[in-house]
Amino acid sequence: MSGCRCGGGRQLAGILLVLAGVLLVFLCLPMQFFLIALGVALAAAGLLLLR
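Definitions and cut-offs
- Residues numbered from 1 in each chain as written.
- Predicted model: local features only at pLDDT ≥ 70, side-chain atom pairs only at ≥ 80, totals over all residues.
- Heavy atoms only, no water.
- Helix = DSSP H or I, 4+ residues; strand = E, 2+ residues; numbered from the N terminus.
- Buried < 20%, exposed > 50% of the residue type's maximum accessible area, 1.4 Å probe, protein only.
- Areas by Shrake-Rupley, 256 points an atom, 1.4 Å probe, with all protein chains shown as cover.
- Patch = residues over 30% accessible without salt bridge, like charges linked within 9 Å, V, L, I, M, F, W, Y side chains within 5 Å.
- Salt bridge = Lys/Arg side-chain N within 4 Å of Asp/Glu carboxyl O.
- Expected span 1.5 Å × (residues − 1).
- Arc of directions from axis to C-beta.

Student: Help me out: how do you make sense of the overall build of the chain in this one?
Tutor: For the chain, the helix and strand inventory stands at two helices and zero strands. Within the chain, the proportion of its 51 residues that are buried is 18%. Put simply, the chain shows about 3,900 Å² of open surface, and 78% of that area lies on carbon and sulfur atoms.

Student: How should a nonpolar patch on the surface be read in this particular structure?
Tutor: A cluster of nonpolar residues, I15, L19, L47 and L50, forms a patch on the protein surface that exposes about 340 Å² of accessible area. By the secondary structure assignment, L50 is in helix α2 (residues 33-50).

Student: Can you walk me through α2 in this structure?
Tutor: Because the α-helix completes a turn every 3.6 residues, residues three or four places apart line up on one side. For α2, which comprises 18 residues, the first-to-last C-alpha distance of 26 Å matches the rise-based estimate of 26 Å (1.5 Å per residue) to within 8%. Every buried residue of α2 is accounted for by I36, G39, A43 and G46. Around the axis of α2, the buried residues are gathered within 90° of arc, so they sit on the same side. Residues of α2 that are exposed and point over 90 degrees away from its buried face: F33, F34 and L48.

Student: Can you help me understand the environment of R51 in this one?
Tutor: Along the chain, the position of R51 falls in the segment after α2. Residues R51 and Q11, spaced 40 residues apart in sequence, show a C-alpha to C-alpha distance of 8.7 Å.

Student: Even after reading the chapter, I still don't get the environment of L35, so can you show me in this structure?
Tutor: Tracing the chain through its elements places L35 in helix α2. Owing to a relative accessible area of 22%, L35 belongs among the partly exposed residues under this scheme.

Take a look at the structure:
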């Protein structure tokens, strides 16, 4: 059961990272490139967690 909970937490973390990354990209498009790169990196990390 602990493996199941760990997988659920990992999936939730992945979803949150994807959402945070996408929001950062869209909110910071006219702003600094660093924030856009950070958003893309968060979204990528979230997608990797979801695999």
